[in-house]
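# Inside the fold
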Amino acid sequence: MKKIQYTASVMRPADFAALFTKKATMPGQQAQKYNRLLIEGLAANNVYVQVISGVPVTKQNYPKKVFQGKRVAEGSILYHYLPTLNLMGIKNIVQLLGAFFEVLLSKKTDAVICDVLNASVALGASFAAHLKR
């Protein structure tokens, strides 16, 4: 079975709904659906997908300053939501470092796919993937 690490700002539908349904502003759902369908397509074709996700929280849609990371498994997909400090600028640095170390310290991976819509997570993951070759 192939193993792919997929970095994006994507969440399981249940987690996304629990976090954002009753908020005044929600992150774009188009990117959520696109990335989720791609991840589910990979999983349906005998690929183990580890999703490294920078959760799309902002001051407008998430009032707390700290979002604790967590891992949620769903079939052959493992969602890893990176911990985040919900402070402008610092959030991006924390997510960049989280993605970097998650990719760097992981066991053998066949590929790392980065969604550039979340630049900080993509940059951290791609730099770590480059170091691991």
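Reference entry: report on the structure contained in this document. Because the structure is predicted, anything quoted here is derived from the model rather than measured.

## Section: the packing of aromatic side chains
One pass over the structure, following the stated rule, counts three aromatic pairs. Ring plane angle 80° and centroid distance 5.0 Å describe the contact between Phe 100 and Phe 101, whose orientation is recorded as edge-to-face. For Phe 100, a relative accessible area of 13% puts it in the buried group. Within the aromatic cluster, the residues linked to one another by ring pairs are Phe 100, Phe 101 and Phe 127.

## Some remarks on the sheet that holds strand S1 (residues 2-8)
Read from one edge of the open sheet, five strands run S4-S5-S2-S1-S7, paired in mixed fashion. Two strands in the sheet have a free side with no partner beyond their single neighbour: strand S4 (70-74) and strand S7 (111-114). Going from strand to strand, the sheet's axes swing by 20° on average, the running direction of each strand aside. For S1 and strand S2 (residues 47-53), the ladder comprises seven bridges, and the chain directions are parallel. Following the sheet pairing, Gln 5 is matched in S2 by Gln 50. Against the sheet, helix H4 (residues 119-132) engages S1, S2 and S7, with an angle of about 160° to S7.

## Observations regarding helix H1 (residues 13-20)
In an α-helix, one full turn covers 3.6 residues, which means residues spaced three or four apart are oriented alike. Taken together, the buried positions of H1 are Asp 15, Phe 16, Leu 19 and Phe 20. Taken around the axis of H1, the buried residues stretch over an arc of 100°, which confines them to a single face. On its buried side, H1 packs onto helix H2 (29-44), strand S3 (66-67), S4 and strand S5 (77-81).

## Overview of H2
Here H2 is 16 residues long and its end C-alpha atoms lie 22 Å apart, about the 22 Å a rise of 1.5 Å per residue gives. Taken together, the buried positions of H2 are occupied by Gln 32, Asn 35, Arg 36, Ile 39 and Ala 43. Summarising the axial view, the buried residues of H2 lie within an arc of 100°, below the 170-degree limit, and thus occupy one face. Exposed residues lying more than 90 degrees from the buried face of H2 are Gln 30, Tyr 34 and Ala 44. Its buried side turned inward, H2 meets S1, H1, S2 and S5. Asn 46 sits one or two positions beyond H2 and adopts a positive phi of about 60°.

## Examining unusual backbone geometry
Even without being glycine, Asn 46 reaches a positive phi, approximately 60°. Within the secondary structure layout, Asn 46 lies in the loop between H2 and S2. Notably, Arg 133 is not glycine yet its phi reads approximately 60°, a positive angle. In this structure, Arg 133 sits in the segment after H4. Its relative accessible area of 89% is what places Arg 133 among the exposed residues.

## Looking at the nonpolar core
Ranked by internal contacts, the top residues of the largest apolar core, which has 21 residues, are Met 11, Leu 19, Ile 39, Val 51, Val 55, Tyr 79 and Tyr 81. Going through the elements one at a time, S1, H1, H2, S2 and S5 are the ones with two or more residues in this core. When sequence neighbours within four positions are dropped, the list of residues in contact with Val 51 reads Tyr 6, Val 10, Ile 39, Ile 77, Leu 78, Tyr 79 and His 80. Core analysis: the next-biggest nonpolar cluster, separate from the first, contains eight residues, Leu 82, Ala 99, Val 121 and Ala 125 among them.

Cut-off values and rules
- Position labels on residues start from 1 in each chain and follow its written sequence.
- This being a predicted model, a pLDDT of at least 70 is required before a residue's local features are given, and a value of 80 or more before pairs of side-chain atoms are given or counted; all residues contribute to the totals for chains, interfaces and linings.
- Only hydrogens and water are set aside when side-chain values are computed; all heavy atoms of the structure are taken into account.
- Pairs were defined over the aromatic rings of Phe, Tyr and Trp, the Trp ring being its six-membered one, requiring ring centres within 6.5 Å. Orientation was assigned from the angle between planes: stacked under 30 degrees, edge-to-face over 60, tilted for the rest.
- Exposure is judged per residue with a 1.4 Å probe applied to protein chains only, and the accessible area is read against the type maximum: over 50% gives exposed, under 20% gives buried, and values in between give partly exposed.
- In this description, strands pair whenever DSSP reports at least two bridges between them.
- A run of H or I in DSSP becomes a helix once it reaches four residues, and a run of E becomes a strand once it reaches two; helices and strands are each numbered from the N terminus.
- Every angle, taken between N-to-C directions, lies between 0 and 180 degrees, and every axis is a line fitted to C-alpha atoms, over only the stretch in contact when it is a helix.
- By the convention used here, residues are in contact when the closest approach between their heavy atoms is within 4.5 Å.
- Think of the arc as the fan of directions from the helix axis to the C-beta atoms.
- In this scheme, a helix's expected span is set at 1.5 Å multiplied by one less than its residue total.
- The definition of a nonpolar core used throughout is a set of buried Ala, Val, Leu, Ile, Met, Phe, Trp, Tyr and Cys residues joined through side-chain atoms within 4.5 Å.

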